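# Reading the structure
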Amino acid sequence: MERAGSKDSRPFLRLRFDRPLSDKERVSYGETFLKIDQLIRKGEVSEASIALESVPVECLSRKEICRYSHLCFRLGQPLKGLKALHPIVRGKAGTQEAHSEEIIVYSQLLIRVGALLEARELLKPYLDDSKYVVAGYVYGVSHFADWDYKSAISYIRKYLSFLEPASYEYQVGAINLCAALCATGDWRGVLSTLHENRKLLRDNDWQLLLANSYEIEAQAHFGNREYAKAGEAIEKATLSLNSNEYRESLYVKKWKLLVDLYSGNSLPEMAEFKLVELKKEAQESHDWETARDIDFHLARFRSNTELRDKLYYGTSSVIYRERILHKIESKQDLPEEYIFSRSGSVPHITLDLTTGKLSNGKSFRKGFLQYNLLCKLFDDFYRSLTIGEISISLFPEECFDPIYSVKKTHQVLSKLRGEIKKLNLPIDILEEEGRYKLDLGFGLGVRKKILKERRSRESLRLRELEAAFVEGPFQASDAKHVLGLSEGACRTVLKYGIGVGIIERMGSGKSTYYRFKIREIKIA
């Protein structure tokens, strides 16, 4: 992997970041950036995006390009930010080396487009330097994309220890910390952190962070099965939310309906019906993770084996597959393979991804880039893939280039479309804002196989408990809340942990506590 400032033989877009600007121009752009920043903090993202469009990138100084690119990151426009910073960070040999701030912002943008390994490689030289603690924070948060929240926590905590709690940056980091703690089952840590910071969010009118904090609080109460409290937090999130920010409102709607489903506030059938309708709404707005999470809870609530199998085979994340095995009870084992097809469609032709062969005797040409791309697009049944994720999978030895990598990837996409047309298959490649997804037509099925993780159910549950209680002892009731199991099933897990020498028991009766004896153990 090439580092910043290394030689690169490809031509690149040279922005005029060394052009001297008048004082009037500098003040003008400074005021614009400040306005955009304030709009983002208030949760008025649409207005901020419009304001950013008015900024002429070719007229910015080098310092302003870095600030502009960071705003692109915050507004979810990574390609635009990468195009501005790429000539600086990945410029030809002989140009001035990129500054640490530029490399860190560039890494944030790479993470947004899915180039995780390249971003982490750029950040590694700064991880042990306290002057660049933000690099460690960015490195840690990058693990969110892998569902590896446990690995992110220590980096986020170190970052927060260097900031003033009253700052906006601290509050963003605290929200991300709470999201990670919530994902690992540390409900107490979530609630205490949120309650400490909420007055500051209200006083500063940081409405989007305030809505996020109430939504995460609802998740924590939900994890504790305190459904009434979860419902109250969701109502507060609704009041805090700018109604124009549609994506955030979908999250709030989802948790409100999940509270109704699990608490019995409404008939289960009615709550399930509304969740299915919300899933359609999420799909139409391309919010694939909300759609996936709705399926997860529908499968969990009804122990739906068919939906569990779709979730399991529909992700490439080992961590998420483990979560499915932890949380969704089923009397049936996972099948050795899964055939994915359009809902309500009976497959007449089947494509085997392992061999590239179709059941009608035709086949894709294995080993070609377009077939590799087809397999990559079938990695996930739910979400669309960024151009960066696709490019990195096709050209793993190359650094991501916001112009030439995109161009090369588009060429492969074009070839894949041509081969699909040649084979007369009902497959569309949908494109939306630089993201791509396969849309299967009626009558086609895709056979997918996964080497299942060879771990017992008890081992997987112990792994989840270790993530939640790595810092201290816990009681059986705490383990029950984290795992979401019955008292008997939870006792079985704890007994297994004691039997294999991972957990030790202390005290007796109501004062019984457990703790992990070996913190660094790798549960096989």
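All values derive from a computational prediction rather than experimental measurement.

## Overview of the packing of helix α11 (residues 207-223) against helix α12 (residues 227-240)
Relative to each other, α11 and α12 sit at 165 degrees, their axes nearing to 8 Å. When the axis of α11 is compared with that of α12, the two are roughly antiparallel. In the crossing of α11 with α12, the sense of the turn from one axis to the other is left-handed. For the pair α11 and α12, contact is made by Gln207, Leu210, Ala211, Tyr214, Glu215, Glu217, Ala218, His221 and Phe222 and by Tyr227, Lys229, Ala230, Ala233, Ile234, Lys236, Ala237 and Ser240, respectively. When its residues are assigned to classes, the contact of α11 with α12 shows 10 nonpolar, 3 polar and 4 charged.

## So, the environment of lysine 236
You can see lysine 236 is positioned in helix α12. Between the C-alpha atom of lysine 236 and that of valine 252, which follows or precedes it by 16 residues, the distance is 9.8 Å.

## A few points about the sheet that holds strand β3 (residues 385-386)
Sheet strands pair by backbone hydrogen bonding; their relative direction is either parallel or antiparallel. With antiparallel pairing, the 3 strands of this open sheet are ordered in space as β3-β5-β4. Of all the strands in the sheet, just β3 and β4 (427-432) have a single pairing partner and so form its edges. Pairing of β3 with strand β5 (residues 435-440), which is carried by 2 bridges, proceeds in the antiparallel orientation. Bridge pairing in β5 links threonine 386 to arginine 435.

## Describing helix α15 (residues 288-302)
Taking 1.5 Å of rise per residue, the 15 residues of α15 would be expected to cover 21 Å, and the 22 Å separating its terminal C-alpha atoms lies within 8% of that figure. Restricting attention to buried positions, one finds in α15 the residues Trp288, Thr290, Ala291, Arg292, Asp293, Ile294, Asp295, Phe296, His297, Leu298 and Ala299. Of the residues trailing α15, serine 303 is marked for its positive phi of about 50 degrees.

## Here's the deal with the side chain of glutamate 389
Relative to the elements of secondary structure, glutamate 389 occurs in helix α19 (residues 387-394). Of the polar contacts made by the side chain of glutamate 389, one reaches the backbone nitrogen of threonine 386; its length is 2.8 Å. If we skip the residues at most four places from it in the chain, glutamate 389 touches Val113, Gly114, Lys376, Arg383, Ser384 and Arg435.

## Quick word on unusual backbone geometry
For tryptophan 147, which is not a glycine, the phi torsion comes out positive at approximately 65 degrees. As for its placement among the helices and strands, tryptophan 147 is situated in the loop between α7 (133-141) and α8 (149-160). Residue tryptophan 147 is classed as partly exposed on the basis of its relative accessible area of 24%. With a phi close to 50 degrees, serine 303 is a non-glycine residue in the positive phi region. Along the chain, serine 303 turns up in the loop between α15 and α16 (305-313).

## Some points on the nonpolar core
Of all hydrophobic cores here, the largest spans 156 residues; its most connected members are Tyr68, Phe364 and Leu465. If you tally residues by element for this core, the top one is helix α9 (residues 168-184), at 9 residues. Excluding residues within four positions of it along the chain, phenylalanine 364 makes contact with Leu351, Gly356, Tyr371, Leu374, Leu416, Glu419, Ile420, Leu423 and Leu425.

## Observations concerning the sheet that holds strand β2 (residues 349-352)
In spatial order, the strands read β1-β6-β2; together these 3 strands make up an open sheet with mixed pairing. The two strands at the open ends of the sheet, each matched to only one other strand, are β1 (337-341) and β2. Each strand of the sheet is rotated relative to its neighbour by a mean of 30 degrees, with strand direction disregarded. Examined bridge by bridge, β1 and strand β6 (residues 444-449) share 5 bridges and lie antiparallel to one another. For serine 341, the partnering residue across the bridge sits in β6 and is glycine 445. Packed onto the sheet, α16 meets β1 and β6 and runs at close to 95 degrees relative to β1.

## What about the packing of aromatic side chains?
Applying the stated criterion across every chain yields a total of 18 aromatic pairs. Among the aromatic side chains, those forming a connected cluster through ring pairs are Phe222, Tyr227, Trp255, Tyr262 and Phe301. One residue, arginine 323, lies across the ring of phenylalanine 296, its end atom 4.1 Å from the ring centre. Above the ring of phenylalanine 368, the side-chain terminus of arginine 365 is found at 4.4 Å from the ring centroid.

## Thoughts on the pattern of salt bridges
Scanning the entire structure with this criterion turns up 28 salt bridges. The partner of arginine 120 in a salt bridge is aspartate 146, with the nearest N and O atoms 2.8 Å apart. With a gap of 26 residues between them, arginine 120 in helix α6 (residues 116-123) and aspartate 146 in the loop between α7 and α8 connect regions that are remote in the sequence. Judged by its relative accessible area of 11%, arginine 120 is buried. The class for aspartate 146 is partly exposed, based on a relative accessible area of 30%. Where aspartate 295 meets lysine 310, a salt bridge forms, and the shortest distance between an N and an O atom there is 3.8 Å. Taken together, the residues span a long stretch of sequence, with aspartate 295 in helix α15 and lysine 310 in helix α16 at a distance of 15 residues. Residue class for aspartate 295 comes out buried when judged on its relative accessible area of 2%.

Cut-offs applied
- Residue numbers run consecutively from 1 along every chain, following the written order of its sequence.
- The predicted nature of this model means local features are confined to residues of pLDDT at least 70 and side-chain atom pairs, given and counted, to a pLDDT of 80 or more, with totals for whole chains, interfaces and linings taken over all residues.
- The side-chain numbers reported here are obtained from all heavy atoms of the structure, hydrogens and water having been left aside.
- Axis lines are fitted through C-alpha atoms, for helices just across the contact stretch, and the angle between N-to-C directions can take any value from 0 to 180 degrees.
- Secondary structure elements follow DSSP: runs of H or I of four or more residues count as helices, runs of E of two or more count as strands, with numbering from the N terminus.
- These descriptions rest on fixed angle ranges, namely under 35 degrees for roughly parallel, over 145 for roughly antiparallel, 65 to 115 for roughly perpendicular, and the rest for oblique.
- The crossing is said to be left-handed when, going from far helix to near helix, the turn is anticlockwise and less than a right angle, and right-handed when the turn is clockwise.
- Contacts: residue pairs with any heavy atoms within 4.5 Å of one another.
- The residue classification treats Ala, Val, Leu, Ile, Met, Phe, Trp, Tyr, Cys and Pro as nonpolar and Asp, Glu, Lys and Arg as charged. All others, Gly included, are polar.
- Note: two strands are recorded as paired if DSSP finds a minimum of 2 bridges between them.
- Take the number of residues in a helix, subtract one, and multiply by 1.5 Å to get its expected span.
- A 1.4 Å probe rolled over the protein chains alone gives each residue an accessible area, and that area as a share of the maximum for its type sets the label: buried under 20%, exposed over 50%, partly exposed in between.
- Polar contacts, as counted here, are pairs of nitrogen or oxygen atoms within 3.5 Å of one another; within protein the pair requires one atom able to donate a hydrogen and one able to accept it, and residues that are adjacent in sequence qualify only if both atoms are side-chain atoms.
- Only buried Ala, Val, Leu, Ile, Met, Phe, Trp, Tyr and Cys residues count toward a nonpolar core, and they belong to the same one when joined by side-chain atoms within 4.5 Å.
- Put simply, two rings from Phe, Tyr or Trp (the six-membered ring, in Trp's case) pair if the centres are within 6.5 Å, and we call them stacked under 30 degrees between planes, edge-to-face over 60, tilted for the rest.
- Distance and angle both matter: a charge sits over a ring if NZ of Lys or CZ of Arg is within 6 Å of the ring centre and within 35 degrees of the ring normal.
- Salt bridge, as used here, is a side-chain nitrogen of Lys or Arg placed within 4 Å of a carboxyl oxygen of Asp or Glu.

These values are about where atoms sit, not about what they do.
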